[in-house]
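Report on the structure
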Amino acid sequence: MNLELAFEHALNGHAILFTGAGCSMDAINLRGGKIKSGAQFASYISEKTSIDPNTTLAIAAEEYKLKFGEESLRDEIQKEFSVKKIHESHAALANIPWRRIYTTNYDNVLENAYSQIGKKLIPVTSDSEVSDFHKKSTLCVHLNGYVDQLKEKSSDSVLKLTE
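The notes below deal with the structure included here. Since we're looking at a predicted model, the values are computed, not measured. (Residues numbered from 1 in each chain as written. Predicted model: local features only at pLDDT ≥ 70, side-chain atom pairs only at ≥ 80, totals over all residues. Heavy atoms only, no water.)

With that settled, consider unusual backbone geometry. The phi dihedral of Ser50 is positive, around 60°, even though this residue is not glycine. Within the fold, Ser50 resides in the loop between α3 (38-48) and α4 (57-68). Owing to a relative accessible area of 64%, Ser50 belongs among the exposed residues under this scheme. (Helix = DSSP H or I, 4+ residues; strand = E, 2+ residues; numbered from the N terminus. Buried < 20%, exposed > 50% of the residue type's maximum accessible area, 1.4 Å probe, protein only.)

This is the structure in structure tokens:
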């Protein structure tokens, strides 16, 4: 398939979107900075726990919880992956009538982009009930978990803290 045909399928609502960390990098989080990748976040929380900054996210998160507690880890995750401001490219993506969106990201960038242009994007995780979703709604399947579902639940049960 050539690029022109791919664009035609997307604009006609016959394409799916798969995103990773690169999709969110120009969004601004609640801290006022750019959203970190998983490896960058692992390094950030590793430094706070005084362990090797090259530690995997799973180990860094576990060490952080041991030192500061589950609530503090949830707070760090929410400040890092909750969006204060999207980039214009996110709004452009939201204007395309995707059939479905899949993402490895925890953040709420796409949900915010949809909201800002007056559309609804429904986040779905492995914990979601399939019967809760109407067939015509645009869904964003968060493969590793979703920050807005983190509330009072354990970060282990809501997010896959892996590389």
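Now for the nonpolar core. Core analysis: the biggest nonpolar cluster contains 32 residues, and Ile45, Ile77, Phe81, Trp98 and Ile101 have the highest contact counts within it. Listing elements by their share of this core, those giving two or more residues are α3, α4, α5 (70-81), α6 (88-94) and α7 (109-116). In this structure Ile101 touches Leu17, Leu110, Tyr114, Leu121, Leu139, Cys140 and Val141, once residues within four positions along its chain are discounted. (Core = buried A, V, L, I, M, F, W, Y, C linked by side-chain atoms within 4.5 Å. Contact = heavy atoms within 4.5 Å.)

A few words now on the sheet that holds strand β6 (residues 138-142). Taken together, the four strands give an open sheet; going across it, the order is β1-β4-β6-β5, and neighbouring strands pair in parallel fashion. Edge positions in the sheet fall to β1 (16-19) and β5 (121-124), since each of these pairs with one other strand and no more. Across this sheet, the average inter-strand angle for adjacent strands is 20°, counted without regard to direction. In this structure, β1 lies alongside strand β4 (residues 100-103), joined through four bridges in parallel fashion. Residue Phe18 lies in a different strand from β4, and its bridge partner there is Tyr102. (Pairing = 2+ DSSP bridges. Axes fitted to C-alpha atoms, helices over the stretch in contact; angles between N-to-C directions.)

Once that is clear, we can look at the pattern of salt bridges. If you walk through the whole model with that rule in mind, you get nine salt bridges. One salt bridge connects Lys65 with Glu62, and the closest N-O pair in it is separated by 3.7 Å. Of the two residues, Lys65 and Glu62 are both situated in helix α4; the distance of three residues between them amounts to about one turn of the helix. A relative accessible area of 38% places Glu62 in the partly exposed class. Among the ionic pairs, Asp75 bridges to Lys79, the shortest N-O distance being 3.1 Å. (Salt bridge = Lys/Arg side-chain N within 4 Å of Asp/Glu carboxyl O.)

The next thing to look at is the packing of aromatic side chains. The geometry of an aromatic ring pair is captured by two quantities: the separation of the ring centres and the angle between the planes. Taken as a whole and judged by the stated rule, the model has four aromatic pairs. Ring geometry for Phe41 against Tyr44: centres 6.2 Å apart, planes inclined by 25°, an arrangement best described as stacked. Placement of both Phe41 and Tyr44 in helix α3 is noted, with a separation of three residues, approximately one turn of the helix. Taking 4.7 Å as the distance between ring centres and 40° as the angle between the ring planes, the aromatic pair formed by Tyr64 and Phe68 counts as tilted. Taken as a pair, Tyr64 and Phe68 lie in helix α4 at a separation of four residues, close to a single helical turn. Given a relative accessible area of 39%, Phe68 falls into the partly exposed group. For Lys36, the ring lying beneath its charged end belongs to Tyr44, and the centroid distance is 4.8 Å. (Phe/Tyr/Trp six-rings, centres within 6.5 Å; stacked < 30°, edge-to-face > 60°. Lys NZ or Arg CZ within 6 Å of the ring centre and 35° of its normal.)

Function-wise, these values are silent; they only describe arrangement.
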